[in-house]
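# Tertiary structure, described
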2 protein chains.
Amino acid sequence: MKGEVKLGILGGGQLGRMLLQAGLDFNLYTLILDPDENAPCKDLCNEFYVGNFRDFDTVYEFGRNCHILTIEIEHVNADALEKLEEEGVKVYPDAKTVRTIQDKGLQKEFYKQHNIPTADFRILKDKQELQENLSFLPAFQKLRREGYDGRGVTRLASEADLGKAFEEPSVLEKLVDFEKEISVIVARNAKGEVSAFPMVELSFHPEHNLVDSLFAPANVSEVLQQQAKEIAMRVISSFEMVGILAVEMFLTKDGQILVNEVAPRPHNSGHHTIKANFTSQYEQHLRAIMNLPLGATDIQSAAVMLNLLGEPGHDGEAAYDGLQDALAVPGVYIHLYGKKFTRPARKMGHVTVLGESLEQAQQRAESVKNVIKVKAL
Amino acid sequence: MKGEVKLGILGGGQLGRMLLQAGLDFNLYTLILDPDENAPCKDLCNEFYVGNFRDFDTVYEFGRNCHILTIEIEHVNADALEKLEEEGVKVYPDAKTVRTIQDKGLQKEFYKQHNIPTADFRILKDKQELQENLSFLPAFQKLRREGYDGRGVTRLASEADLGKAFEEPSVLEKLVDFEKEISVIVARNAKGEVSAFPMVELSFHPEHNLVDSLFAPANVSEVLQQQAKEIAMRVISSFEMVGILAVEMFLTKDGQILVNEVAPRPHNSGHHTIKANFTSQYEQHLRAIMNLPLGATDIQSAAVMLNLLGEPGHDGEAAYDGLQDALAVPGVYIHLYGKKFTRPARKMGHVTVLGESLEQAQQRAESVKNVIKVKAL
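Looking at an unreviewed UniProt entry, one finds chain A named N5-carboxyaminoimidazole ribonucleotide synthase, with Pontibacter silvestris as its source organism. In UniProt, chain A has this text filed under Sequence similarities (unreviewed entry): "Belongs to the PurK/PurT family." If you open the UniProt record of chain A and go to Catalytic activity (unreviewed entry), you find "5-amino-1-(5-phospho-beta-D-ribosyl)imidazole + hydrogencarbonate + ATP = 5-carboxyamino-1-(5-phospho-D-ribosyl)imidazole + ADP + phosphate + 2 H(+)".

## Things to note about the UniProt feature "binding site: ATP" (unreviewed entry) in chain A
Residue and element names in this part refer to chain A. Residues given the UniProt feature "binding site: ATP" (unreviewed entry) here are K104, K142, E173, K174, L175, V176, E181, N260 and E261. Within the element layout of this structure, E181 appears in strand β10 (residues 178-188). A relative accessible area of 13% places E181 in the buried class. Contact partners of E181, with chain neighbours within four places excluded, come to V200, E201, L202, F204, M249, F250 and N260. You can see E261 is positioned in strand β15 (residues 257-263). Judged by its relative accessible area of 23%, E261 is partly exposed. Those residues within four positions of E261 in sequence are excluded, and the remaining contacts are K104, Q107, Y111, K142, A246, V247 and E248.

## A look at the side chain of E283 of chain A
By the element assignment, E283 of chain A lies in helix α9 (residues 281-289). Apart from the residues within four sequence positions on either side, E283 of chain A is in contact with A22 and F26 of chain A together with K275 and Y333 of chain B.

## Thoughts on the environment of D94 of chain A
Residue and element names in this part refer to chain A. Tracing the backbone shows D94 in the loop between β5 (90-91) and α4 (95-102). On the basis of relative accessibility, which here comes to 15%, the residue D94 falls in the buried class. For the pair D94 and L84, spaced 10 residues apart in sequence, the C-alpha separation works out to 9.9 Å. Apart from residues no more than four positions distant in its own chain, D94 is found in contact with E85, E240 and M241.

## Observations regarding the relation of the copies chain A and chain B
Each copy of the sequence occupies a distinct position, and chain A is placed on chain B by a rotation of 180° and an axial shift of 0.0 Å, giving an RMSD of 0.0 Å. What we have between these two chains is a two-fold relation. Across chain A, the rotation axis passes nearest the C-alpha of L44 of chain A, at a separation of 2.5 Å. Residue by residue, 98% of the interface of chain A is reproduced at the interface of chain B, so both copies engage with the same surface.

## Remarks on the pattern of salt bridges
Residue and element names in this part refer to chain A. Inspection of the entire model under this criterion finds 33 salt bridges over all chains. One salt bridge in this structure joins D79 and R99, with 2.6 Å as the shortest N-O distance. Taken together, the residues D79 in helix α3 (residues 78-86) and R99 in helix α4 connect sequence positions 20 residues apart. Judged by relative accessible area, which is 27%, R99 ranks as partly exposed. Linking E283 and R287 is a salt bridge whose minimum nitrogen-to-oxygen distance equals 2.9 Å. Here E283 and its partner R287 are both found in helix α9, 4 residues apart, which amounts to about one turn of the helix. Because the salt bridges share partners, they merge into one network encompassing K108, K142, E173 and E261.

## Let's talk about the pairing of strand β10 (residues 178-188) of chain B
The side chains of a regular strand alternate, residue by residue, between the two faces of the sheet. Residue and element names in this part refer to chain B. Among the 11 residues in β10, 9 count as buried, and that is most of the element. Strand direction decides the pairing type here: β10 and strand β12 (residues 200-204), joined by 3 bridges, are antiparallel. What sits directly across from S183, in β12, is V200. The pairing of β10 with strand β11 (residues 194-196) spans 3 bridges and is antiparallel. Along β11, the bridge assignment pairs V186 with A196. In sequence, β10 turns back onto β11 through a hairpin of 5 residues, with G192 there showing a positive phi of about 95°.

## What about the domain arrangement of chain A?
When the domains of chain A are assigned, the result is domain 1 (6-91), domain 2 (120-174) and domain 3 (178-376). Distance from the C-alpha centre of domain 2 of chain A to the C-alpha centre of domain 3 of chain A: 28 Å.

## Looking at the packing of aromatic side chains
All names here are of chain A. A full pass over the atoms with the stated rule returns 8 aromatic pairs over all chains. Measuring from ring centre to ring centre gives 4.8 Å for F178 and F250, while their planes differ by 20°; the resulting arrangement is stacked. Of this pair, F178 sits in strand β10 while F250 sits in strand β14 (residues 243-252); the two residues are 72 residues apart in sequence, bridging distant segments of the chain. Note on F250: relative accessible area 8%, which makes it buried. If you follow K6 out to its NZ or CZ, it ends over the ring of Y29, 5.1 Å from the centre.

## Looking at the sheet that holds strand β1 (residues 6-10) of chain B
Residue and element names in this part refer to chain B. Strands sit in the order β3-β2-β1-β4-β5 across an open sheet of 5 strands; the sheet is parallel. With one partner strand each, in any of the chains shown, β3 (47-50) and β5 (90-91) form the two edges of the open sheet. Two elements, strand β4 (residues 68-71) and β5, share 2 bridges in a ladder whose sense is parallel. Across the sheet, L69 pairs through a bridge with V91, a residue of β5. Across the face of the sheet, helix α2 (residues 56-63) comes into contact with β1, β2 (29-34), β3 and β4 while running at roughly 175° to β2.

## Concerning the interface of chain A and chain B
Listed as interface residues are 49 residues of chain A and, on the opposing side, 49 residues of chain B. A buried area of about 4,200 Å², summed over both sides, lies between chain A and chain B, and 46% of it is on carbon and sulfur atoms. Linking chain A to chain B there are 0 salt bridges. Counting only elements with at least two residues in the side of chain A that touches chain B, the list comes to α1 (14-23), α8 (273-276), α9, β17 (316-321), α10 (323-327), β18 (332-336) and β20 (347-355) of chain A.

Rules of the game
Residues numbered from 1 in each chain as written. Chains lettered and ligands numbered in written order. Predicted model: local features only at pLDDT ≥ 70, side-chain atom pairs only at ≥ 80, totals over all residues. Heavy atoms only, no water. UniProt positions renumbered as here; feature names shortened; annotations may be inferred. Helix = DSSP H or I, 4+ residues; strand = E, 2+ residues; numbered from the N terminus. Buried < 20%, exposed > 50% of the residue type's maximum accessible area, 1.4 Å probe, protein only. Contact = heavy atoms within 4.5 Å. Least-squares fit on C-alpha atoms with pLDDT ≥ 70 in both. Salt bridge = Lys/Arg side-chain N within 4 Å of Asp/Glu carboxyl O. Pairing = 2+ DSSP bridges. Domains from an automatic or database assignment. Phe/Tyr/Trp six-rings, centres within 6.5 Å; stacked < 30°, edge-to-face > 60°. Lys NZ or Arg CZ within 6 Å of the ring centre and 35° of its normal. Axes fitted to C-alpha atoms, helices over the stretch in contact; angles between N-to-C directions. Buried area = accessible area lost by both parts, 1.4 Å probe.

Printed below as a string of structure tokens:
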């Protein structure tokens, strides 16, 4: 490396924060754009800009100062990304990939075009079209744009649920009778080198539809793990994108693997890699976008990852109860995100629980689950 | 944790930088004092002060704004630490321990008082007293104060070497016919809980007298490992200090363990723990000074750590050659320290090489040794 690499990140939340934390080891000069002046990345980068990453001019002006531009959230202005690409900024993931992934309709069509297994679907312009597809229920209706962390998704069991349906353009996705939800994070650098992390199993919070916990290695046969890995590698190669891509998949009761959705950035399902794998997802993303050789993804320790969500009924300056008790359990590591204010179900941090075996990690995780509480002061 | 913990660190070099990196996970509010306006910690803390940590007023004024005050270098003003302690700041390590360790004479006397095995020594006021102790040679003469990274140490084989001897107050230390140099990092929190990391073996650069590489687990019998661990734990308990303490020891050819010297802060011999152990030395130090339960120190992967020193003959803005080749080797991780300028033998970063076995890690390390070169632009 000669001179400083200026890395811009659109979004200054926890994913950006952990990316900066990993980036320190590479001597990067970092710039962050986020609408929140108290964003978790605020004091950790060389230049922090308050601004809207959905706005063309804001993203364009920000990106012009960067050698490499990346994202920690996909809801950014893709037109600005495209213009920056044309002007020689290395935009990873590229505008075309971001545009496809931003729109769940385009995303599903992309899978179909590239023979990537995914649940059957219909693209709907409006509620009127939903009426014409009642025979497709039960299904999930997902807004084409702006869905995030369970927002913009509704379950329609039958005609009786039409009152809950969205009016806006959406994707109607056949309900999958799945046994497990799994995730494989893959990386690809500009040389075209592709690498996959070992599969993780996700468990979702029944109420918030947020990832609640995950564990690795997954309790899934070697054959299925290999299949899922190949599918995930095929997805990233089809996008021809550079960076990391989290590929969330369903494992159906009849042994099929279906791609649910993808995120072209560090992902909640890869947080445990900081402590549990040779290379973390954050370092892997940096290696990919800097066109360095990808790192080994081997598991060092079995791990369970628990999200720390703001307690229901608590809104205000955050305080963390139970840290002493949780950290007294061997193998327990906290990662707080530097968010000043908590609100119900806000992602405030995560806990990684390591073990010599998955069973040990799970026992330890069970003993610390619900011990740490994020409350308002 | 309620409200923000304000952690001050005296020194803003690479050890402070890696401590801040670990501190992010604990939502700490961080303040740094360093004489160099380009110190590696500059852009990573909440408040950065340029100032001399050897100056009473500077340290006192800085420390008054902190809840907890710690160090990344031991050559700080101990009187100011003492006054801050009296005023209720949690100073870890405490003034008394820092004062003892700053002075190699007091340090050696401390070992003697506490029955901690160490090489035989004489305390010398000046060169005149050295003349009176010629029968004690061969020995190392070490300045009582300010020695660091091989500076302030001279080897006196016989009277013929008197020309190289120091005039200042010093310790004359019997030459130890050692087989290995080893290090055990121990931690102690305010509750008195003590924990040790597994032993590492050090290998020194023949010219610079700096740690060149180290590896873990050490290739030493279980019995000796256990003895060394007990000695290191006895040292930290004798100091009654809070924080981590790196205990460097000699393993003599006749199977004795002798304490060489200690550092009451994160240490070069613990860098590998970031990648290779459950808990890193940096997180362990933070847990200790925040009076949290100490973390498990288990080895996740065998590791070799290589220091990246500035190339001879290169002085100026730093550039890093060979990263592509080095990172192509599985298990190789770089940690650059964000230093703008290189000079011969300056510590610019380190490389951790992981393996499933020590043999594998050592083979990989051999293939990357001398591949990365830190040059001037």
